[in-house]
Amino acid sequence: MPANLSPEYKAAEAAFRAAREPRERLHWLREMLRVIPKHKGTDHLQADIKHRIKELAEELEGPRKGGTRGAPSLVVRPEGAAQIALLGPPNSGKSALHARLTGSGAHVGPYPYTTQHPEPGMLPFEDIHFQLVDLPPVSPEHPLPWLAAALQSADACLLVVDLAEAGCVEQVQALRAILLERRISLVADWPEGAPQPPAGDDPFALRLPALLLANKADRIPGLAGELQTFLDLAGLALPALVVSAETGQGLGELGPWLFGRLGVVRVYTKAPGKPPEHRHPYTLRRGQTVEDVARLVHQDIATALKYARVWGRSGFAGQQVGREHPVEDGDVVELHV
Ligand SMILES: Nc1nc2c(ncn2[C@@H]2O[C@H](COP(=O)(O)OP(=O)(O)OP(=O)(O)O)[C@@H](O)[C@H]2O)c(=O)[nH]1
Ligand SMILES: [Mg+2]
C-alpha cells in the first residue's frame, strides 16, 4: 500500500471493504477517489480505483454496451442469507445444478459455453434461502472481463467439476490462475460468522471460501474414491461434496452444509404484546448482535434502540438485553426504542 494515505482515505477504504451491495460499493469507491491524497505514490492506486468505478458505474448506471436495452445484469444484488457463486470449467454441470437446486430455468446444454450471463436463483433451506448465482464457465478460451466485478458481492462459491472430464485437473488449475490474475483466491477456510472485510494491503483482493462439488456422480462409479486423488493432483485443499444434478445425489447436504459453515443465525422479531413474526426470519451471522437486527429492520430503529427482550434456546425467556448482545439461531427479539 502506498505510504501517506490519509485517515480519511483509510476510512473510505474500510467502508468499501465492508460493503457488499453493489451501489454501496460504488458510492465508497467514489469517496475513495475523492479523498485519496493525489501524489505520485498513489498514481497506481488511483488508476485502479478509477477502473473499478468505471466498471461498476457502467454496469449499474450506464447504457448497456452496444445499446442493447434490458441486457441481463452482470452484477447480482445479494438476497437471502448469503450469495453463493457457481464457478467451474465449461460443461461441468453448473447450470444443471442451479436448475435443480433453485428451480430456475438455467439453460443446460450438452456442449460447453452454454451459459453467457449470471443467473440468480434461490435455494430454499428450512425457512430461509441462499442465493445461488449461475455463471458462465471460466476458462482460458473464455475470459470474462466482468468476472471480478460479479464476484465482489459473493459470500462464497461452489466450484463445480466433472471428474470424468480428462482435462479436469488442468481446467481447474487454469481457472484458479485466471481468478488469481483478477486477485481472487479460493480458500478452504469458511469464516463461521459475519463476513470479515479482506485483510491485507490490497483493497481489491478477494478471498472467496469455496466448496468443491464433484458433479455427475451418477456417471462415475467410485467417484468418492477418486476425489482425493483429484484434489491432490490439482493442488487443492478444499472441502468437497460428491453430487449429481441428474439424480439429486448429495444435494440434500448442501443447504445444511452452507447453513452451518456460514454460521447463519435466524432471528424472529416481534412487536410488544404480539406473537413473533414466524414466517420470515431475519438472517444474520454468528457474532452479530441485537443492534445488527435493529439495523436490518430499519436504520432509525438501530439509532433509537434502547434495549431488547430476547427469548431463545440459550435460556433467555424475555430478559432485557443491550444492543451489544449477540443473537443466536432461533432467537425471538422484541426491539424497544
Ligand atoms: N449424467 C449427468 N449429466 C449431467 C449432470 N450435470 C450436468 N450434466 C450434463 O452435462 C452437460 C452440461 O451441463 P450444464 O449444466 O449446461 O453445464 P455448465 O457447467 O452449466 O456448462 P457451461 O454453461 O457451458 O459452463 C449437460 O448435457 C447436462 O445434462 C449430472 O449430474 N449427471
Ligand atoms: Mg451453464
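First, a word on scope: everything that follows refers to the structure included in this document. Computed from a predicted model, the values in this text were never measured in an experiment.

Another aspect to go through is the overall build of the protein chain. A count of helical and extended segments in the protein chain gives ten helices and twelve strands. In summary, the protein chain has a C-alpha radius of gyration of 22 Å against a globular reference of 20 Å for 337 residues, a match within 12%. When each of the 337 residues of the protein chain is scored for burial, the buried share is 50%. Contacts spanning at least 24 positions in sequence make up 64% of the contacts within the protein chain whose residues lie at least 6 apart. Here the protein chain displays about 16000 Å² of accessible surface, and carbon together with sulfur accounts for 54% of that area. Side chains of the protein chain carry 36 positive and 40 negative charges; the gap between the two charge centres is 5 Å.

Going through the model one piece at a time under the given rule, you end up with three aromatic pairs. With a centroid separation of 5.6 Å and an interplanar angle of 70°, the aromatic rings of Phe16 and Phe204 are classed as edge-to-face. Residue Phe16 is found in helix H1 (residues 7-18), and its partner Phe204 is found in the loop between strand S5 (184-187) and strand S6 (206-215); the two are separated by 188 residues along the sequence. Taking the relative accessible area as the measure of exposure, Phe16 reaches 2% and is therefore buried. Phe204 gets classed as buried once you look at its relative accessible area, which sits at 1%.

Moving on: unusual backbone geometry. Across the chain, the bulk of peptide bonds are trans and the bulk of non-glycine residues have phi less than zero. With a phi angle near 70°, Asn91 is a residue other than glycine that sits in the positive phi range. Inspection of the secondary structure puts Asn91 in the loop between strand S1 (83-87) and helix H4 (94-102). With relative accessibility at 29%, the residue Asn91 sits in the partly exposed group. For Tyr113, which is not glycine, the phi torsion reads 65° and is therefore positive.

Moving on: the pattern of salt bridges. Scanning the entire structure with this criterion turns up 19 salt bridges. In this structure, Arg34 and Glu31 form a salt bridge, with 2.8 Å as the shortest nitrogen-oxygen distance. A residue pair is termed a helical-turn pair when its members lie 3 or 4 positions apart in one helix, as Arg34 and Glu31 do in helix H2 (residues 22-35) at three residues. With a shortest N-O distance of 3.9 Å, Arg219 and Asp162 are connected by a salt bridge. One end of the pair, Arg219, is in the loop between S6 and helix H7 (223-234); the other, Asp162, is in strand S4 (residues 156-162), and 57 residues separate them in sequence. The class for Arg219 is exposed, based on a relative accessible area of 56%.

A few words on the site of ligand 1. Looking at ligand 1, there are 23 residues lining it, with Lys94, Ala96, Tyr113, Thr115 and Asp218 nearest. Separating an oxygen atom of ligand 1 from a backbone N or O atom of Ala96 is a distance of 2.7 Å. When isolated, ligand 1 has an accessible area of 660 Å², and the protein chains bury 90% of it. Per-element tally for the shell around ligand 1: the top contributor is H4, with three residues. Classifying every residue of the shell around ligand 1 gives nine nonpolar, nine polar and five charged.

With that settled, consider the sheet that holds strand S11 (residues 317-321). A sheet is described by the order of its strands in space; here five strands give the open sequence S9-S8-S12-S10-S11, paired in mixed fashion. Edge positions in the open sheet fall to strand S9 (282-285) and S11, since each of these has one partner strand only. Across this sheet, the average inter-strand angle for adjacent strands is 35°, counted without regard to direction. In this structure, strand S8 (residues 264-270) lies alongside strand S12 (residues 331-336), joined through four bridges in parallel fashion. Looking at S12, one finds that Val267 is bridged to Asp331.

The N-to-C vectors of H1 and H2 enclose an angle of 165°; their axes lie 9 Å apart at closest approach. The orientation of H1 relative to H2 falls into the category roughly antiparallel. Relative to H2, H1 is oriented so that their crossing is left-handed. Counting all contacts with H1, which are made through Glu8, Tyr9, Ala12, Glu13, Ala15 and Phe16, the residues of H2 involved are Arg25, Trp28, Leu29, Glu31, Met32, Arg34 and Val35. Residues that form the contact of H1 with H2 fall into these classes: eight nonpolar, no polar and five charged.

Turning our attention to the side chain of Lys94. When you line up the elements, Lys94 lands in helix H4. There is a polar contact of 2.7 Å between the side chain of Lys94 and the backbone oxygen of Pro89. If near-sequence neighbours (up to four positions away) are discounted, Lys94 is found in contact with Leu86, Leu87, Gly88, Pro89, Asp134, Leu135, Pro136, Pro137 and Val160.

Reading guide: rules and limits
Residues numbered from 1 in each chain as written. Chains lettered and ligands numbered in written order. Predicted model: local features only at pLDDT ≥ 70, side-chain atom pairs only at ≥ 80, totals over all residues. Heavy atoms only, no water. Helix = DSSP H or I, 4+ residues; strand = E, 2+ residues; numbered from the N terminus. Rg over C-alpha atoms; globule rule 2.2 N^0.38 Å. Buried < 20%, exposed > 50% of the residue type's maximum accessible area, 1.4 Å probe, protein only. Contact = heavy atoms within 4.5 Å. Areas by Shrake-Rupley, 256 points an atom, 1.4 Å probe, with all protein chains shown as cover. Lys, Arg positive; Asp, Glu negative; His and termini not counted. Charge placed at Lys NZ, Arg CZ, Asp CG, Glu CD. Phe/Tyr/Trp six-rings, centres within 6.5 Å; stacked < 30°, edge-to-face > 60°. Salt bridge = Lys/Arg side-chain N within 4 Å of Asp/Glu carboxyl O. Near = heavy atom within 4 Å. Polar contact = N/O pair within 3.5 Å; in protein donor to acceptor, adjacent residues only side chain to side chain. Nonpolar A, V, L, I, M, F, W, Y, C, P; charged D, E, K, R; others polar. Pairing = 2+ DSSP bridges. Axes fitted to C-alpha atoms, helices over the stretch in contact; angles between N-to-C directions. Parallel < 35°, antiparallel > 145°, perpendicular 65-115°, else oblique. Left-handed = near helix turned anticlockwise from the far one by under 90°.

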